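A closer look at the structure
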Amino acid sequence: MQTAQSLISMSGLPRLEARMLLEMVLCKPREWLLAHDTDPLSSEAAAQFLTLAARRRQGAPMAHLVGHREFMGHRLSVSADVLIPRPETELLVEMALQSLEDRAKSPLPSPTTGNGVGCSLLDLGTGSGAVAISVALARPTVRVVATDLSETAIVLAQQNAQQLEARVQFWQGNWYEALPAEGRFDVIVSNPPYIALNDPHLAQGDLRFEPVGALTDGADGLTALRQIIAGASQHLITGGWLWLEHGYEQGEEVAQLLLKAGFNAVQTKQDLAGLPRITGGSL
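Everything numeric in this text was worked out from a predicted model, so none of it was measured.

Even without a glycine there, the phi angle at Glu 165 is positive, about 60°. Inspection of the secondary structure assignment puts Glu 165 in the loop between α8 (151-164) and β5 (168-172). Classification of Glu 165 as exposed rests on a relative accessible area of 71%. A positive phi angle, close to 50°, is found at Ala 265, a residue other than glycine. With respect to the secondary-structure elements, Ala 265 resides in strand β8 (residues 264-270). The class of Ala 265 is partly exposed, set by a relative accessible area of 47%.

Leu 121, Val 135, Val 144, Val 168, Val 189 and Trp 243 are the most contacted members of the largest nonpolar core, which has 31 residues in total. Elements with a contribution of two residues or more to this core: α6 (90-104), α7 (130-138), β4 (143-148), α8, β5, β6 (185-190) and β7 (236-245). For this core, the leading source of residues is α6, giving seven residues. Ignoring any residue separated from it by four or fewer positions in sequence, one finds Val 189 in contact with Leu 92, Ala 96, Leu 121, Leu 122, Asp 123, Leu 124, Val 131 and Trp 243. Tyr 176, Leu 236, Val 254 and Leu 258 belong to the second largest nonpolar core, which has 26 residues in total.

On to the sheet that holds β7. Read across the sheet, seven strands follow the order β5-β4-β3-β6-β7-β9-β8 without closing on themselves; strand pairing throughout is mixed. What marks the edges here is a single partner per strand, and that holds for β5 and β8. Going from strand to strand, the sheet's axes swing by 15° on average, the running direction of each strand aside. Across four bridges, the pairing between strand β3 (residues 120-124) and β6 is parallel. Note that in β6 the partner of Asp 123 across the bridge is Val 189. Contacts between α7 and the sheet are confined to β3, β4, β5 and β6, with β4 contributing the most and set at about 175° to the helix. Against the sheet, helix α11 (residues 251-260) touches β7, β8 and β9 (276-282), its axis set at about 10° to β9.

About the thresholds
Residues numbered from 1 in each chain as written. Predicted model: local features only at pLDDT ≥ 70, side-chain atom pairs only at ≥ 80, totals over all residues. Heavy atoms only, no water. Helix = DSSP H or I, 4+ residues; strand = E, 2+ residues; numbered from the N terminus. Buried < 20%, exposed > 50% of the residue type's maximum accessible area, 1.4 Å probe, protein only. Core = buried A, V, L, I, M, F, W, Y, C linked by side-chain atoms within 4.5 Å. Contact = heavy atoms within 4.5 Å. Pairing = 2+ DSSP bridges. Axes fitted to C-alpha atoms, helices over the stretch in contact; angles between N-to-C directions.

See the structure below:
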């Protein structure tokens, strides 16, 4: 008869990962696992754990195996149909929140209330809903709208929003085409596919298991960024902000695209690793 202690030892995984898998299989919190690590476990539970451990050793992302990932302090369900939320994308949320705060203080009219209060945000390519939901929870008075081309992604994002009680309106479709004719936004954000097709990272790590269409445009990695920037002027109010996540080598190119499209105050922000990660500007 196997125990939690013996299964962890034979898993071939880092102890933290093995414990996370056992917690899921047993539906028990970590405190219980630590207190009962020598208790005998059922053969069914042991077999399920060893199967998951084998998948992890083969490279399957932990987020897919346990079914969730934490982002901005919120637990989000994830699947192979969406990108796994990553810490660097939290910077996109932070810049969105800062821009919304600046808009709330602005004397320029907001399309929502006619003044600087009660702003609106659009999240393009929402995936699991991580960005849109985080904004909605941090700023409950903001009208948050999110789009995605994938129907399965929209369904998952809606489930996450309901679970976390976040008020987000979801629309399925390609970028701005998903939107009904409902006015303009104070802030637009997006974490679009920006990896070039020939980038070797696509064959490495978690990226091997994530949806290709959410990672690469099948070209130079700038196609979606160009489309979003080109259409932003039709969907942003005067003084509104556009913030885009991109690859660490794309900051200058994205900045130039924004400048050519008529954006002002164009700037690039670095992530926690010190890499250029988010670029934005104001109309």
